[in-house]
Amino acid sequence: MSIPPLITFQEDFLSGKLISKEYVHFSEIDCPELDVWIGRVVRSISLEFLHEILFTILSELLVNGCKANGKRVFFQEQGLNLWDEKDYARGIPMYKDEFGHNRKRVFLALDHSDYKITLSTIYKEDYIEFRVRNNAKILPEEKNRILKRVEASKKYKNINDAYRESVDNEESSGLGIVLIHILLRNSGISNQFFQLMTTDEFTEVIIRIPKQLIPKENQTNIKNLLVREVNSLPPLPPQIQKLILIAKKKDVDWHEIATQVEKDPAITAEILKIANSPLFGAHTPIISVLDGVKRIGLKNLESIFLTLGAKKILNSRYAKQVLVWTHSFKTSMYARFLIEDRKKHLKLLEPAIISALLHDLGRMVLLSLDLSQVNQIRVLRSDDNNEISEWVEEYTLGTTHSEIGHLMAEKWNFPEEILDVIRYHHKPWQCKTRNNILCQIIYLADILANIGRGKGNYFTVEPEVLEYFEISSEKVFRDLQDSFKVKFEEHREEYQNLLA
């Protein structure tokens, strides 16, 4: 049986029209299109952090449905009555053995049956709804097991606790239900968004994901708290401001800028480190400020001075800034590799390098809020879950590091291209200015640089971006990422020196 393609993201989705995909047997569930489709769904409602969680949940539900259907076909083959207690007790061990040793044959038999699983979704005003429907009536034993697992999930903080206790030792299907509830709960989604519906014709699990995980009023209060934090940031240091003004002059010359830089030993050291770093393709070491500013280039100096000013303020104010600078430098290098490898937009090489250094400014504020502010946020969210992840923390705040970073960059008068990259580096398709391509470059470089941290993969990338950069398959994507990783490792010592 040929595997039909999964549904593609359509305008019908946004209009609320039901769209669906049918599965007959287990092998179809491995289709990568499911991953792509979920990515587009969550990006449409700005809940990207749910991508892997939803993929795990929906895959689990689809697999369980196909296993249940396989059980029904197997019982028919064996001449057993699924609804007879004695036949059920006799047949289950046989099915477990068959499934464990010959599952391909079990699922292949579904090709010739009337059983199918349908995955559908509909876009509502306040939530996105996923429905996984099996056109088979559920057994009382199966329903009781599911309800027991739903109840059992309440006592577990994470899936490891559930595995240790081994909540299901009969057909190994109960942990999936527990997993779903733990993932939803730990994502800030309460259990009322999980529903099991049963009739004589079908069994259906419904998952509703709210577009806002906390009330609008609380989101506003949290955002105001963060905006006050941004407003409390001091202006750029006077010497930095003076250098920026000089760099903007039409008649400025190299010697004037070099002379001003040399008046501040700290800035001198930073300029020499940057000029000698792999960011600007440094091969021959330089020791003079004059040569350093020449290598950086007049058109880049304003942005570099802004970067130095922001770094000075943020390093003195926030404890976790090194984590952000480390990733930002890596993204900057990956942006260079991407432009050079794809041989597209070479004129954007230096703007991409610099804007990538600054794309995550807002994350410093979100990761480094002092304890009193974090407690205020938790009170506003009415949330006592202290194990919530960085992504969940951010999206449940009602704002993002991109929005906070954009406010910071506006406060310090960053140029338009950097403002756009900070604001749209996770959603370049929303950038309607001439900087759209620049945003796409940083978007892809950021994902490639993040893969080593377990964030993102080929299927999480917007398909149009992959097409634009001629990344035609998962293999091409992985090869690209592997080559960038090797190149980056060659400069690890240099970037560590740059961050010192």
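Look a little higher up for the structure.
No experiment lies behind these values; they were computed from the predicted model shown.

Participant: An account of the nonpolar core is needed here, citing residue identities and associated values.
Facilitator: F305, F414 and I441 are the most contacted members of the largest nonpolar core, which has 87 residues in total. Here this core gets 11 residues from one element, more than from any other, and that element is helix 21 (residues 436–450). The contacts of I441, once residues within four sequence positions are left out, are A335, L338, I339, L348, A352 and F469.

Participant: Tell me about helix 15 (residues 349–358), residues and numbers included.
Facilitator: For helix 15, the tally of buried residues reaches 9 of 10 residues, placing the bulk of the element in the interior. Listed in full, the buried residues belonging to helix 15 are L349, P351, A352, I353, I354, S355, A356, L357 and L358.

Participant: Before we move on, can you summarise unusual backbone geometry with the specific residues and values?
Facilitator: Although it is not a glycine, N413 sits at a positive phi angle of roughly 60°. By the element assignment, N413 lies in the loop between helix 19 (401–411) and helix 20 (416–424). Unusually for a residue other than glycine, E470 sits at a positive phi of about 55°. Locating E470 in the fold gives a position in the loop between helix 22 (463–468) and helix 23 (474–489). Residue classification places E470 among the exposed positions, given a relative accessible area of 55%.

Participant: Give me the packing of helix 13 (residues 298–317) against helix 15: which residues, what numbers.
Facilitator: Axis separation between helix 13 and helix 15 bottoms out at 10 Å; the angle between their running directions is 10°. Of the possible angle classes, the one that applies to helix 13 and helix 15 is roughly parallel. Along the contact surface, helix 13 presents K299, N300, S303, I304 and T307, while helix 15 presents E350, I354 and L358. In the contact of helix 13 with helix 15, the residues fall into 3 nonpolar, 3 polar and 2 charged.

Participant: Can you break down the packing of aromatic side chains residue by residue, with the values?
Facilitator: Taken as a whole and assessed by the stated rule, the structure comprises 12 aromatic pairs. Taking the centre distance of 6.0 Å and the plane angle of 45° together, the rings of Y334 and F337 count as tilted. Note that Y334 and F337 are positioned in helix 14 (residues 321–342) at a spacing of 3 residues, about one turn of the helix. Judged by its relative accessible area of 5%, F337 falls in the buried class. On the basis of an interplanar angle of 85° and a centroid distance of 5.7 Å, the ring pair of W429 and Y443 is categorised as edge-to-face. Placement of W429 in the loop between helix 20 and helix 21 and of Y443 in helix 21 is noted, with a sequence separation of 14 residues between them. Exposure remark for Y443: the relative accessible area of 3% places this residue in the buried category. Across the ring face of F202, the terminal group of R133 is positioned such that the distance to the ring centre comes to 3.6 Å.

Participant: Describe the environment of K96, and please don't skip the residues or the numbers.
Facilitator: Mapped onto the secondary structure, K96 falls in helix 4 (residues 85–108). Residue classification places K96 among the partly exposed residues on the basis of a relative accessible area of 41%. Linking K96 and K71, residues 25 residues apart in sequence, is a C-alpha distance of 8.9 Å.

Participant: Would you mind going over the state of the cysteines in detail, with residue names and values included?
Facilitator: For the coordinates displayed, the defined rule picks out 0 disulfides. Summary of cysteine pairing: C431 is not part of a disulfide, and the nearest cysteine sulfur, belonging to C439, is at 3.9 Å. Overall, the relative accessible area of 3% leaves C431 in the buried class.

Participant: Report on the pattern of salt bridges, specifying residues and quantitative values.
Facilitator: Following the criterion strictly, the structure yields 19 salt bridges and no others. The shortest N-O distance in the salt bridge between D479 and K475 comes to 2.8 Å. A residue pair is termed a helical-turn pair when its members lie 3 or 4 positions apart in one helix, as D479 and K475 do in helix 23 at 4 residues. One salt-bridge network, held together by shared partners, links E129, R131, R133, E204 and R208.

The rules behind the values
- Residues numbered from 1 in each chain as written.
- Predicted model: local features only at pLDDT ≥ 70, side-chain atom pairs only at ≥ 80, totals over all residues.
- Heavy atoms only, no water.
- Core = buried A, V, L, I, M, F, W, Y, C linked by side-chain atoms within 4.5 Å.
- Buried < 20%, exposed > 50% of the residue type's maximum accessible area, 1.4 Å probe, protein only.
- Helix = DSSP H or I, 4+ residues; strand = E, 2+ residues; numbered from the N terminus.
- Contact = heavy atoms within 4.5 Å.
- Axes fitted to C-alpha atoms, helices over the stretch in contact; angles between N-to-C directions.
- Parallel < 35°, antiparallel > 145°, perpendicular 65-115°, else oblique.
- Nonpolar A, V, L, I, M, F, W, Y, C, P; charged D, E, K, R; others polar.
- Phe/Tyr/Trp six-rings, centres within 6.5 Å; stacked < 30°, edge-to-face > 60°.
- Lys NZ or Arg CZ within 6 Å of the ring centre and 35° of its normal.
- Disulfide = S-S within 2.5 Å.
- Salt bridge = Lys/Arg side-chain N within 4 Å of Asp/Glu carboxyl O.

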